[in-house]
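Notes for the structure review
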Amino acid sequence: FANFDAGSTTNPWDTRHSPGGSSQGSAAAVAAGLVDFAFGTQTGGSVNRPAAYNGIAAFKPSVGRAPRDGIVLNAHSLDTLGFFAAGGCALLARLPPG
């Protein structure tokens, strides 16, 4: 869920608005053009929401579809690695199950 204290990360389109949830830094970096592609993690909206708030594409595969090695899991049946991109994430749908 969105972080109520967004700290120093701002929405690159309007600094008066939140950049989203816990993966907001990744989404804001893509939206600002600092990187072409970024990762985020989602348990309950931390990929979809920042992508929507920052006007970029996101892909949140089904649980188990992308590797979760190295991710600290909050809820095993919900936690997923997600992806942000400015131009779309269609190729990521072909990830091998991990």
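Every chain is numbered on its own, with residues counted from 1 as its sequence reads. Per-residue local features of the predicted model are confined to residues with pLDDT of at least 70, and side-chain atom pairs are confined, for both listing and counting, to 80 or more; whole-chain, interface and lining totals are unaffected and use all residues. Side-chain measures were taken over the full set of non-hydrogen atoms in the model, leaving aside hydrogen atoms and water.

So, the nonpolar core
With 8 residues, the main nonpolar core is built from A27, V30, A31, A38, V47, A51, I56 and F84. A per-element tally of this core places helix α1 (residues 24-31) first, with 3 residues. Pairs of residues are marked as contacts when any of their non-hydrogen atoms sit within 4.5 Å. Those residues in contact with V30, other than ones at most four positions away along the chain, are V35, D36, F37, A38, I56, F84, A85 and A86. We call a set of buried Ala, Val, Leu, Ile, Met, Phe, Trp, Tyr and Cys residues a nonpolar core when their side-chain atoms join them within 4.5 Å. Relative accessibility under 20% of the residue-type maximum defines a buried residue, over 50% an exposed one, and the middle range a partly exposed one, all with a 1.4 Å probe and only protein chains included. Each helix is a run of DSSP H or I of at least 4 residues and each strand a run of E of at least 2, with the numbering of both proceeding from the N terminus.

Some details on the pairing of strand β3 (residues 80-85)
Extensive coverage of β3 is indicated by the burial of 6 of its 6 residues. Bridge count for strand β1 (residues 37-42) against β3 is 6 bridges, and the pairing is antiparallel. Among the inter-strand pairings, T41 is bridged to a residue of β3, identified as L81. When strand β2 (residues 57-59) meets β3, the two strands line up antiparallel, connected through 3 bridges. Within β3, the position partnered with F59 by the bridge is F83. If DSSP finds at least two bridges between two strands, the strands pair.

Quick look at the pattern of salt bridges
A pair is scored as a salt bridge if a Lys or Arg side-chain nitrogen falls within 4 Å of a carboxyl oxygen belonging to Asp or Glu. Here the structure, examined in full by the defined rule, presents 1 salt bridge. One salt bridge in this structure joins R16 and D14, with 2.7 Å as the shortest N-O distance.

Some points on α1
Counting along an α-helix, one turn takes 3.6 residues, and residues three or four places apart therefore face a common direction. Across the 8 residues that make up α1, a large majority, 6, are buried. In the core, the buried residues of α1 are packed alongside β1, α2 (48-54) and β3. Phi turns positive, to about 80°, at G33, one or two residues after α1.

Overview of the side chain of Q42
Looking at the element boundaries, Q42 is found in strand β1. Identification of polar contacts relies on pairs of N or O atoms within 3.5 Å, with a donor-acceptor requirement for protein atoms, meaning one able to donate a hydrogen and the other able to accept it, and with residues adjacent in sequence counted only if both atoms are side-chain atoms. In this structure the side chain of Q42 is engaged in a polar contact, spanning 2.8 Å, whose partner is the backbone nitrogen of V47. Of the polar contacts made by the side chain of Q42, one reaches the side chain of N48; its length is 2.8 Å. Contact partners of Q42, with chain neighbours within four places excluded, come to V47, N48, K60, L78, D79 and T80.

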